[in-house]
Amino acid sequence: MRCALLQLPSIGMGSTKLENYARVAHQKGVKLVLMGEYLLNPFFKELVHTPVSMIAEQSAHQIETLKALAAKYDLVFVAPIVTVRKKECTKMIAKVGPRSVTYAPQQFLINYPHWNEEKFFANPVEPIKPPMIFAVDGFKFAVMGGFEAHFDPLWEAVDAKNVDAVLIPSASTFESHNRWRELLKTRAFTHNCYLLRANRVGEYYDEKHAWKFYGDSMVISPDGDVEADLGNTEELLIVDLDRKALAESRKGWGFKEALRKRNRRT
């Protein structure tokens with residue numbers, strides 16, 4: 001199966017970039033396009049100063065754009081987006097296909113003093129649920145927001161549902177490049193699944209920090225190896241997911257079989 005990682009800064013409402021990249025992806029036989037965080041909306045630090053009515057208008061426009069492109073080019077788009085209801089903003093992950101749109105709220109949000117999404121967004125704090133899981137062309141996908149990749153219960157659901165590929169849209173910045181690489185390689189290996197990470201690029205400056213989003217979008221194999229990656233500029237990465245390689249990795253390492261044996265005894 002062929003997927004694409006779209007590495008961009010925020011996209012304005014009048015931009016033609018999505019149309020251009022969707023056309024290329026379709027021509028290359030891509031079935032699914034993963035986008036990074038804060039592409040369809042401004043970056044969080046800008047978003048908190050944006051009128052809620054403007055956020056709602058922008059998000060509605062971007063979803064309609066993706067719906068039209070999904071139908072025109074027979075694609076599935078997966079991207080974080082901010083939804084607005086009763087003047088409250090919720091950070092969602094949207095799956096936009098040719099015939100339907102599905103939303104799932106991000107369950108874990110950053111809550112640090114310099115970047116407090118949990119305080120701003122209306123996402124509920126409640127018992128953990130499995131992430132969004134769906135199938136395209138026989139491949140089973142799960143989606144986690146970048147921050148969610150740190151939390152084990154979501155990965156337990158990846159094992160329980162026998163997920164083939166985990167999609168991780170992110171907006172990683174500062175000096176976190178190596179830490180993210182090692183975390184995601186380890187997750188892919190210990191769960192013997194493909195991992196596709198689409199990161200944001202671009203810059204944002206405030207009075208204390210220079211927020212430089214470094215890209216490094218990548219596909220990681222079920223053996224934990226980086227098979228392909230991008231640099232720090234706007235790019236599209238097209239990757240092939242191999243069901244045979246997935247099966248060989250799971251059989252060779254035997255992690256899932258070890259879990260199945262023990263689950264049968266409980």
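In this report, we go over the structure that sits alongside the text. As the structure is a computational prediction, the values presented were derived from the model and not from experiment.

On to the nonpolar core, then. General note: in soluble globular proteins, nonpolar side chains tend to be found buried as a group. If you look at the biggest cluster of nonpolar residues, it comprises 34 residues, and the most contacted ones within it are Phe43, Phe121, Trp155, Val158 and Val166. Of all the elements in the fold, those that place two or more residues in this core are α2 (44–47), α5 (152–160), β10 (165–170), α6 (177–190), β13 (210–214) and β14 (218–220). The contact partners of Val158, leaving out residues within four places of it in the chain, are Ala142, Met144, Val163, Val166 and Cys193. By size, the runner-up hydrophobic cluster in this structure holds 26 residues, among which are Val76, Phe134, Phe141 and Leu167.

With that settled, consider the packing of helix α1 (residues 17–27) against helix α3 (residues 52–73). In contact at an axis separation of 10 Å, α1 and α3 are set at 25 degrees when each is read in the N-to-C sense. In terms of orientation, α1 and α3 fall into the roughly parallel class. Read as a crossing pair, α1 and α3 show a hand that is right-handed. Two secondary-structure elements touch here, α1 through Leu18, Glu19, Ala22, Arg23 and His26 and α3 through Thr65, Leu66, Leu69, Lys72 and Tyr73. Along the lines of polarity and charge, the residues of the contact of α1 with α3 split into five nonpolar, two polar and three charged.

One pass over the structure, following the stated rule, counts zero disulfides. The thiol sulfur of Cys3 is not disulfide-bonded, and the nearest other cysteine sulfur, from Cys193, lies at 13 Å. By relative accessible area, Cys3 is classed as buried at 0%. With relative accessibility at 0%, the residue Cys193 sits in the buried group.

As summarised here, the arrangement of the six strands in space is β5-β4-β3-β2-β1-β16, forming an open sheet in which the pairing is mixed. Of all the strands in the sheet, just β5 (101–105) and β16 (235–240) have a single pairing partner and so form its edges. Between one strand axis and the next, the sheet turns by 30 degrees as a mean value, whatever way the strands run. With three bridges connecting them, strand β2 (residues 32–35) and strand β3 (residues 76–85) associate as parallel partners. Its bridge partner lying in β3, Leu32 is registered against Val76. Along the sheet face, α3 touches β2, β3, β4 (88–96) and β5 and points at about 155 degrees away from the line of β3.

What helix α7 (residues 243–253) keeps buried is the set Leu246, Ser249 and Arg250. Each buried residue of α7 lies within a common arc of 95 degrees when the element is viewed along its axis, so the set occupies one face. Residues of α7 that are exposed and point more than 90 degrees away from the buried face comprise Lys244, Lys251 and Gly252. For α7, the capping residue at the N-terminal end is Asp242, with a side-chain oxygen 2.9 Å from the backbone nitrogen of Lys244.

Read from one edge of the open sheet, six strands run β8-β9-β10-β11-β14-β15, paired in mixed fashion. The open sheet is flanked by β8 (132–136) and β15 (226–229), the only strands paired with a single partner. Strand-to-strand twist across the sheet, computed as the mean angle between neighbouring axes with direction ignored, equals 20 degrees. Judged from the three bridges that link them, strand β11 (residues 194–199) and β14 form a sheet pairing that is antiparallel. Within β14, the position partnered with Arg197 by the bridge is Met218.

Cut-offs and rules
- Residues numbered from 1 in each chain as written.
- Predicted model: local features only at pLDDT ≥ 70, side-chain atom pairs only at ≥ 80, totals over all residues.
- Heavy atoms only, no water.
- Core = buried A, V, L, I, M, F, W, Y, C linked by side-chain atoms within 4.5 Å.
- Buried < 20%, exposed > 50% of the residue type's maximum accessible area, 1.4 Å probe, protein only.
- Helix = DSSP H or I, 4+ residues; strand = E, 2+ residues; numbered from the N terminus.
- Contact = heavy atoms within 4.5 Å.
- Axes fitted to C-alpha atoms, helices over the stretch in contact; angles between N-to-C directions.
- Parallel < 35°, antiparallel > 145°, perpendicular 65-115°, else oblique.
- Left-handed = near helix turned anticlockwise from the far one by under 90°.
- Nonpolar A, V, L, I, M, F, W, Y, C, P; charged D, E, K, R; others polar.
- Disulfide = S-S within 2.5 Å.
- Pairing = 2+ DSSP bridges.
- Arc of directions from axis to C-beta.
- Polar contact = N/O pair within 3.5 Å; in protein donor to acceptor, adjacent residues only side chain to side chain.

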